[in-house]
Amino acid sequence: MIIDCANDSELAAELGTYLKNHYIDVRIGDASVITTESNLEEIIKSFLEETKRSGYSLRKIDPTNILLAKEVPIENFGFFRCEMCGYVVSNEEELLTHRRAHGIQLL
Ligand SMILES: [Zn+2]
């Protein structure tokens, strides 16, 4: 699995330490890219919660690539984004409909 921290080397270093503390073998390469043998989606979510990086989101680009980056506030341009998967819709009603697809009622 490859975790791309979008050139945020501070984030990459902190996440690398966090994962090592959880006994996960990781390599931090150039350009803030972390490679690992394990599937880390869940633990990265915990990392973002524990370090209170609420402005960051985890995007699964494909089964082995994850992009970890700060949210761009597209909401300011009249779009709405699903908090859970990053899906973008053009109005709030569409977003509510989309959220139901995740099977969870949000606040
Ligand atoms: Zn969604």
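Residues numbered from 1 in each chain as written. Predicted model: local features only at pLDDT ≥ 70, side-chain atom pairs only at ≥ 80, totals over all residues.

Let us look at the domain arrangement of the chain. Note on interface size: it is often stated as the accessible area lost on association of the parts. What the domain assignment lists for the chain is domain 1 (2-70) and domain 2 (72-107). Here domain 1 and domain 2 have C-alpha centroids that lie 24 Å from each other. (Domains from an automatic or database assignment.)

Reading across from one edge, β2-β3-β1-β5-β4 is the order of the five strands in this open sheet, with mixed pairing throughout. With partners counted over all chains shown, the strands left at the sheet margins are β2 (26-28) and β4 (56-62), one partner each. Across the sheet, the mean angle from the axis of one strand to that of its neighbour is 20°, orientation sign disregarded. (Pairing = 2+ DSSP bridges. Helix = DSSP H or I, 4+ residues; strand = E, 2+ residues; numbered from the N terminus. Axes fitted to C-alpha atoms, helices over the stretch in contact; angles between N-to-C directions.)

This part is about unusual backbone geometry. Phi angles above zero are rare outside glycine, and A6 is one such case at about 50°. You can see A6 is positioned in the loop between β1 (2-4) and α1 (9-21). Although it is not a glycine, N7 sits at a positive phi angle of roughly 65°. Structurally, N7 can be placed in the loop between β1 and α1. Judged by local crowding, N7 falls into the exposed class, with 11 C-beta atoms found within 10 Å. (Buried ≥ 20, exposed ≤ 12 C-beta atoms within 10 Å, placed from the backbone.)

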